[in-house]
Amino acid sequence: MRQVNLRLLIILALLVFGGGGGIYVLHRFQVYRNADSLATLARERLEEGRADEAIGLFTRYVALRPDDAQAQADYATLLLKQTLTGPMNRGRMSAAYNALESAVRKNPEDDELREKLASFLLRSRNFTDARQHYGTIRENRLRKGESVSSPGVAKAAAGAAAEGGGGSENAEPERTADSIIDLRYAVACGGMGRYDEAAAVASKLIGFDLGTKAFDPGWEPIPDCTDAYLLIAEIMERRYNDQDTSARVMRRLPEAYPRDHRGWLAMARWSYFHNDLTAAGIEIAKASELAPDSPEVLFTDFEIAMRSKNYARAERVINDGMEAFATDARVIMGRADLALTKGDSQQALELLTKGTEAIPDNPLLLERLIDVLFNMDRGSEVEPHLEVLREMQGDDEPSVMWGQARLLMSKGQWHQSLELLKQLRPNVAQSEALTHNVDLALAICHQNLGQSDELLEASQRVLSDDPNSYQARVALATAHSQAGRIEEALAEFESLATAQRPEELPSKQLIWAPLLDLRIKHQLRLPASSRDWSGVDQLIDLLAQSPAITDGQLASVKSNVLLRKGELPAAIEVASKAVEASPGDAMLVSQLVTLFLANNQADKGREVLDKSSAEVRRDVRVLSAEARVAAAEEDEKGGDGLAAVEKAVESIPTKDAVSVLLTLMSIRMRQGRIDEAERLSGAILKREPGELRTHSALLDLAVEQKDVDKLSAYAEQIGDVVGRASPQARVAQSMVLILKARLNRERQTGEDSVPQPLTPEDRLSLDDARSLL
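Computed from a prediction, not measured in an experiment: that's the story for all the values here.

> Lay out the overall build of the protein chain with the relevant residues and their values.
Helices and strands together make up the secondary structure of the protein chain, namely 41 helices and 2 strands. Scored against the burial criterion, the 773 residues of the protein chain give a buried share of 44%. Split by element, the accessible area of the protein chain, about 40200 Å² in all, is 51% carbon and sulfur.

> If you had to explain the nonpolar core to someone new, which residues and values would you point to?
If you look at the biggest cluster of nonpolar residues, it comprises 48 residues, and the most contacted ones within it are Y134, I206, F208, Y229, I232, V249 and L253. Per element, the largest residue contribution to this core is 7 residues, and it comes from helix α11 (residues 226–239). Setting aside anything within four residues of it in sequence, one finds I232 in contact with A199, A202, S203, I206, F208 and V249. The next biggest cluster of nonpolar side chains, apart from the first, holds 39 residues, and it includes L661, A677, L685 and L739.

> Go over the pattern of salt bridges with me, naming the residues and quoting the values.
Opposite charge on two side chains lets them pair, provided their charged atoms get close. Counted according to the given criterion, the structure contains 53 salt bridges. Of the charged contacts in the structure, one is a salt bridge between K710 and E678, with a shortest N-O distance of 2.7 Å. On the criterion of sequence distance, the pair formed by K710 in helix α39 (residues 708–722) and E678 in helix α37 (residues 674–687) is long-range, its members being 32 residues apart. The exposure class of K710 is partly exposed, given its relative accessible area of 25%. Residues participating in the shared-partner salt-bridge network are R606, D610, R617, E626, E633 and K637.

> Before we move on, can you summarise the side chain of S271 with the specific residues and values?
Residue position: S271 is located in helix α13 (residues 261–273). Here E283 takes part through its side chain, which lies 2.8 Å from a polar atom of the side chain of S271. With near-sequence residues (within four places) excluded, S271 lies in contact with D276, A279, A280 and E283.

> Report on unusual backbone geometry, specifying residues and quantitative values.
The phi torsion at N275 lies on the positive side, around 60°, for a residue other than glycine. Tracing the backbone shows N275 in the loop between α13 and α14 (277–290). Despite not being glycine, K309 shows a phi value in the positive range, around 60°. With respect to the helices and strands, K309 occurs in the loop between α15 (295–307) and α16 (311–321). Take K309: its relative accessible area is 64%, and that puts it in the exposed class.

> Could you give an account of the packing of aromatic side chains, with specific residues and numbers?
We describe a pair of aromatic rings using the distance from one ring centre to the other and the angle between the two ring planes. Applying the stated criterion across every chain yields a total of 4 aromatic pairs. Each ring, one from F208 and one from F215, has its centre 5.0 Å from the other, and the planes form 55°; the classification is tilted. Here F208 matches F215 in class, with each residue buried. Summarising the aromatic geometry, the rings of Y272 and F273 are spaced 5.2 Å apart at their centres and angled 85° between planes, so their arrangement reads as edge-to-face. According to the relative accessible area criterion, Y272 is buried, its value standing at 15%. Overall, F273 belongs to the exposed group, its relative accessible area being 64%. The rings of F208, F215, Y229 and Y257 are connected pair by pair, giving a single aromatic cluster. Directly above the aromatic system of Y272 lies the positively charged group of R307, at a separation of 4.8 Å from the ring centroid.

Definitions and cut-offs
- Along each chain, numbering runs from 1 in the same order as the chain's sequence is written.
- Residue-level local features of this predicted model are given only where pLDDT is at least 70; pairs of side-chain atoms are given and counted only at 80 or more, and the full residue set underlies all totals for whole chains, interfaces and linings.
- The side-chain figures draw on all heavy atoms in the structure; neither hydrogens nor water molecules are used.
- Starting at the N terminus, helices and strands are each numbered in turn, a helix being any DSSP run of H or I of at least four residues and a strand any DSSP run of E of at least two.
- Remark: exposure states derive from per-residue accessible area (1.4 Å probe, protein chains only) relative to the maximum for the residue type, with buried under 20%, exposed over 50%, and partly exposed in between.
- Using the Shrake-Rupley algorithm and a 1.4 Å probe, accessible areas are obtained, with residue cover drawn only from the displayed protein chains.
- Grouping buried Ala, Val, Leu, Ile, Met, Phe, Trp, Tyr and Cys residues that are joined through side-chain atoms within 4.5 Å yields what is termed a nonpolar core.
- The contact rule is simple, with two residues in contact once any of their heavy atoms fall within 4.5 Å.
- Salt bridge, as used here, is a side-chain nitrogen of Lys or Arg placed within 4 Å of a carboxyl oxygen of Asp or Glu.
- Pairs of N or O atoms are called polar contacts if they sit within 3.5 Å, as long as, within protein, a hydrogen donor faces a hydrogen acceptor (for residues adjacent in sequence, only side-chain-to-side-chain pairs).
- Aromatic rings from Phe, Tyr and Trp, taking only the six-membered ring of Trp, are treated as a pair when their centres fall within 6.5 Å; an angle between ring planes under 30 degrees marks them as stacked, one over 60 as edge-to-face, and anything in between as tilted.
- Whether a charge lies above a ring is judged from NZ of Lys or CZ of Arg, which has to be within 6 Å of the ring centre and within 35 degrees of the ring normal.

Laid out in structure tokens, this is it:
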């Protein structure tokens, strides 16, 4: 029997494990040596000014040597500098934050590094974490006995400032670092709602006693603490509703820093935001004397001039004074705003387009460009810019959601836009301007969805913030009109019209068009013998005298009024003469064809269409009128006509195509051609899945067919589109329950046609339907 050579086995094992350990040690040595070379190379690139390469090398180094605290600090500082000086986006912000946070964890005693992180968080409005880090710095200084943040020591620390007139920019006094930390700590406290703590800290920086609300007469101002006055003033005004003390604190600011432009700048901004533009102008002029080349002073001067409608001064400041900052995004946007005040939207668009090309990663420029495109009714050009903004900021950023909502509105996708605006509104509560715009957009969506109660609520919200809002008052009046409250709507529009100068009213179609409609409705509700058309005629005469109204518009208005008065032949005569004068006016052509149809003269309508140009016949209004003419013609000819209209729809934009297809679907439903109506509805929903009128029509078709399964399926589709809890979905669900009960009743009715009592099941279905409704 063979013996195992234990000695040999032990030697082999030692060789194997020892070799493996040696390989591991050799590998780690090689990694460390390579890592060290990366760090050396990174610092060389940094000295050469090649920051991007240095960042790449540092990224690889800290991955290999995560224990090198100094390298982590250098890497984080470099990333932070690049983020603050270059274009900002979420990716860079996140990378800088992660690097800083990691570096601070590895260097817990490095207050300078921690301050960089805290300042970054404060700039990012992460007040809670910023307060925590500033608090740690304050505790560290107290522990080390370095803190001087007390009134007595502050006087001594500001001795140099006193000689320079309270922090003169020329004197450049040595900064009191602990006071700056205390100030930023107070700002973070205020940002997270800890107002009492913020006031307690900030008050010590300005010699203000919160109890007596008085200043220490012997107080010597601390350099660079102008923001402490602003913070105390805001807390007094917003937290304690003490306007007098707030104003007194701000008046003290330029007294404490008479030669510091930042004090006067803060005063100017305070006056600006409190709508005292006269004071703001005086204060910014003083700041300009002290720092004529300060970009912050120049920007504020421009804003005050724009708000004061002193456009000549605004133009001098933005074009001459700020020429050195011509590539600054704020200058580009300012020049665009100035162009808009002159009514030159095209110049504003060109300035912003060039700006985004020069500074492609600036989200504010993109936002302003998108806004101008929407205001110019060029929503189709927005999508690529909005996609770039989304890549920069993410889907949940308010500016992205706002742009997406407006894009959906421009496409007529009212429900989808409504749902997005509802999600957006709580996220913009801190911005009064954006909240105002979102509420107006909500009102427009409710208006187009026929939701009069919601429209009323949204418009009242806007009016509560801005009682003079023209758009909100129009929305409020429209809400009354949609709800059938004719008299209330008429009174509101009459008030709006009275507020306009007579010569300006014709340019406000949002006022005069519904006003004319409501005046007509008001008369039609009266007995024929009591009607007085003078108010209607006076408004038409006013429109006729205005250069803002074209001959075609006036003819259209006149013929429509004559039709509603019951004077159809006269309406046809006015429209016919207008079409002879302007055969290329699609609106007039469609109106004349519609009038002939109302007079049972489809053949005359066809003649008008045949004489019209191909361009006119591609217009959505004319195509819809042609569909109605075809429906009134003989079977074969009419069928061919409807097919021709449907064929023409293929070459027009989706929004217009849906409108014409809805007309065709309605015609087929009236003809009893359910199969064709369903086919057309499929074509509509393929183009526009959220088209609610089509979904509603399908519900009606299913009810007419007494098909519960179809009705249930269509109700589910509506729920998918607008949400299960929406009014439309609830109505659809109730229709299913009612149809089930109705069909059960029909089956239970005996030969004598006497209805049987409701079964428990039917009673439950009807109760559920009532609850839904």
